[in-house]
Amino acid sequence: MSDRSLLQNKMVGAAKWSFLGECASKLIVPFTNMILARILEPQHFGVLSIVVMITNFADLFTDAGFQKYLIQHFFKTDEELYEYASVAFWTNMVITVVIWSVIFILAEPLANILRKPGYQWVIRIGSMKLFLTAFTSVQRAIYQRSFDYKTLSWVRIVVAMIPIVITIPLALMGFLYWSLIIGMLASEFMYALILTTKSKWRPCKYYSYKKLKKMFSFSVWSLVEQFTIWLACYADTLILSLFFSDYMVGMYKQPESIISSIFNVFAATFFGILFSALSRMNDVEDNIGFWNIVFKTQLTTAIIIFPLSAGLYLYRDLVTNIMLGSQWQMAVSVVGLMALSTGIQTVMNSTASEIYRAKGEPKVSVTAQILYIMCLIPFAVISVKHGFETFVKVRACMSIVFMLIHYSIIKYRYKVSFMRVLANIRYPLVATVIMAGGVAGIQYFAQEKFIVNLSGIPVGIIIYTLVVCSFEPVRKIAWGILEKISSKGILGNILKCVEKLLNFYE
């Protein structure tokens, strides 16, 4: 078996476990969010979003980009890998102590700058998450490098249960936003505990400044890249928090978080594995294999994400009522527009980011992020002055701007045109447009008839499946994945019979 075939088999196996883990955990997360959204007020989620914004910023420096080095770099032996891992671990912990100390001292002025006076202890305690994420980043990198997504998936499922046993009871007891903060810390602690217990690697009394220098020279641009990504992700939250109350920040961030969690089931499944696979293709300098994997992964992602994005937009009222409840009616537009925006982000922009990462060119990613931020910040500041709804619409449209930036760079840098990319995803795109037209027609004639309106969901699924499976490239991907999952047995034989039948009628 060739290296490329062996790698593809590893990708399929990893994708299966990653999908199961992500799907199970993301089924639990929306369930807990549905309950919490009915117990807590939007402003409580606004407080959490501020803490997460600060801790995610600090996490950039606690990891220092070493995780990518451990995944991408070629190591001759496991012993060499473990030595570099120990250097990365101890460096992470030292940086974490320094950063958390700075946050602790400056928490009060930081809260005042963000117009959140009185939240200094929330920031101090919430930022203790840094110690836990720094502790697990090395273990997670080693698991991803070896495609051991089975272990990572089981850990995610266990950790996803923490809010049910900790956050929800605390919220019912009246701990308000503290229930969210404590639940977040408990989840990170459990994640660190399980990964450390099951990991073959353990921190040891080993350190090498030579290895640190080598990793840092690789990671410095990666660190800059992560900073620009953080700014691109949280610039809207920062601007919104400066102009609106915690209530409105929560009204924006909680729906965005729920939509992201739905899409992340597939994004985490495909793109974490894609990065590891493309990094291995770079090891053997297989450029054709590199782009084949990129296009196949992007098409597979589009087949799932495009109809999901359109469906969430078309049924945004229903999704908001189910996921959040009646007190979140202002969030309907956020749910719908973020569904469309996140769909574009997942299929188009996330793929571009993985290409830069796998090519080991963080400078290219930094360039893309800076160009995007230069567009995002002025548009966000102008739109926020015209009201919440305008801000949400402009923020959603920025994903298209980011897409154009990405693929202009890819055309210039890697000689891959945007039309080639569109041609690759044209089948699910066409099928989604046809499906959306059919469902919109049902909604138009249904008016206030709830059952008739709801019938558009199964009808839409049937229309999309029939249209998208009429294209042979899509069928090959679908059958290939299902056959790998089923391997031998009844399901595999059924799939072969169905494929022969479809080919017969072509």
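Residues numbered from 1 in each chain as written. Predicted model: local features only at pLDDT ≥ 70, side-chain atom pairs only at ≥ 80, totals over all residues. Heavy atoms only, no water.

Attention now moves to the overall build of the chain. Helices and strands together make up the secondary structure of the chain, namely 22 helices and zero strands. When each of the 506 residues of the chain is scored for burial, the buried share is 53%. Put simply, 84% of the contacts in the chain that link residues at least 6 apart link residues at least 24 apart. A total of about 23,200 Å² of accessible surface is found on the chain, and carbon and sulfur atoms cover 69% of it. (Helix = DSSP H or I, 4+ residues; strand = E, 2+ residues; numbered from the N terminus. Buried < 20%, exposed > 50% of the residue type's maximum accessible area, 1.4 Å probe, protein only. Contact = heavy atoms within 4.5 Å. Areas by Shrake-Rupley, 256 points an atom, 1.4 Å probe, with all protein chains shown as cover.)

Before going further, it helps to spend a moment on the pattern of salt bridges. Per the counting criterion, the structure on display carries four salt bridges. The salt bridge partner of Glu256 is Lys253, with a shortest N-O separation of 2.6 Å. You can see Glu256 and its partner Lys253 sitting in helix α11 (residues 246-283), three residues apart, about one turn around the helix. Notably, a salt bridge pairs Arg413 with Glu361, separated by 2.7 Å at the nearest N-O pair. Of the two residues, Arg413 is situated in helix α16 (residues 388-414) and Glu361 in the loop between α14 (332-359) and α15 (362-384); the sequence distance between them amounts to 52 residues. A relative accessible area of 45% means that Arg413 is categorised as partly exposed. (Salt bridge = Lys/Arg side-chain N within 4 Å of Asp/Glu carboxyl O.)

All right, on to the packing of aromatic side chains then. As enumerated under the stated definition, the model contains 23 aromatic pairs in all. Between Phe89 and Trp90, the aromatic rings sit 4.9 Å apart at their centres with planes inclined by 75 degrees, giving edge-to-face as the arrangement. It is Arg316 that lies over the ring of Tyr313; its NZ or CZ is 4.3 Å from the centre. Looking at Arg420, its charged tip hangs above the ring of Phe295, at a distance of 4.0 Å from the centre. (Phe/Tyr/Trp six-rings, centres within 6.5 Å; stacked < 30°, edge-to-face > 60°. Lys NZ or Arg CZ within 6 Å of the ring centre and 35° of its normal.)

Time to look at the environment of Ile434. For Ile434, the location among the structural elements is in helix α18 (residues 426-446). Separated by 33 residues in sequence, Ile434 and Val467 have C-alpha atoms that sit 8.2 Å apart. With residues near it in sequence (within four places) discarded, Ile434 still touches Ile463 and Val467.

Before going further, it helps to spend a moment on the packing of α15 against α16. Running from N to C, α15 and α16 point in directions that differ by 160 degrees, and their axes come no closer than 9 Å. For the element pair α15 / α16, the angle class is roughly antiparallel. Crossing angle aside, the handedness with which α15 passes α16 is right-handed. Contacts from Val364, Thr367, Ala368, Gln369, Leu371, Tyr372, Cys375, Leu376, Phe379, Ala380, Ser383 and Val384 of α15 reach α16 at Thr390, Phe391, Val394, Arg395, Met398, Val401, Phe402, Ile405, His406, Ile409, Arg413 and Tyr414. A per-class count over the contact of α15 with α16 returns 17 nonpolar, five polar and two charged. (Axes fitted to C-alpha atoms, helices over the stretch in contact; angles between N-to-C directions. Parallel < 35°, antiparallel > 145°, perpendicular 65-115°, else oblique. Left-handed = near helix turned anticlockwise from the far one by under 90°. Nonpolar A, V, L, I, M, F, W, Y, C, P; charged D, E, K, R; others polar.)

Right, let's get into unusual backbone geometry. Residue Leu176 is not a glycine yet carries a positive backbone phi of 55 degrees. Tracing the chain through its elements places Leu176 in the loop between α8 (162-172) and α9 (177-198). Among the residues examined, Leu176 registers a relative accessible area of 40% and is labelled partly exposed. One non-glycine residue, Lys415, lies in the positive phi region at around 60 degrees.

Here the focus is a nonpolar patch on the surface. A surface patch of nonpolar side chains, about 470 Å² in accessible area, is lined by Val94, Val98, Val102, Ile105 and Leu106. Structurally, Val98 is set in helix α4 (residues 78-113). By relative accessible area, which is 49% here, Val98 ends up partly exposed. (Patch = residues over 30% accessible without salt bridge, like charges linked within 9 Å, V, L, I, M, F, W, Y side chains within 5 Å.)

In low-pLDDT segments, the atomic positions of the prediction should not be examined closely. With 83% of its residues at a pLDDT of 70 or more, the chain shows a mean pLDDT of 81. Segment residues 501-506 is flagged for pLDDT under 50; beyond a separation of four residues in sequence, or across chains, it makes six contacts in the model. (pLDDT = per-residue confidence, 0-100.)

When a protein is soluble and globular, its nonpolar side chains tend to lie buried together. Ranked by size, the top nonpolar core spans 75 residues in total, and within it Tyr252, Trp291, Tyr356, Phe388, Ile410 and Tyr414 carry the most contacts. No other element matches the twelve residues that α16 contributes to this core. Look past the residues within four positions of Tyr252 in its chain and what remains in contact with it is Asp236, Leu240, Val334, Met338, Phe388, Phe391, Val392 and Arg395. (Core = buried A, V, L, I, M, F, W, Y, C linked by side-chain atoms within 4.5 Å.)

What follows concerns α16. The terminal C-alpha atoms of α16 lie 39 Å apart, and with 27 residues this matches the ideal 39 Å at 1.5 Å per residue to within 8%. Just past α16, the residue Lys415 takes up positive phi, approximately 60 degrees. (Expected span 1.5 Å × (residues − 1).)

What follows concerns the environment of Val29. Considering the arrangement of structural elements, one finds Val29 in helix α1 (residues 3-39). The exposure class of Val29 is partly exposed, given its relative accessible area of 26%. In sequence terms Val29 and Ile164 are 135 residues apart; their C-alpha atoms lie 9.1 Å from each other.

To continue, consider the packing of α14 against α16. Helix-helix packing is characterised by the crossing angle of the two axes and by the distance between the axes. The N-to-C vectors of α14 and α16 enclose an angle of 20 degrees; their axes lie 9 Å apart at closest approach. The orientation of α14 relative to α16 falls into the category roughly parallel. Crossing geometry of α14 relative to α16 is assigned as left-handed. Its residues placed into classes, the contact of α14 with α16 shows 19 nonpolar, eight polar and four charged.

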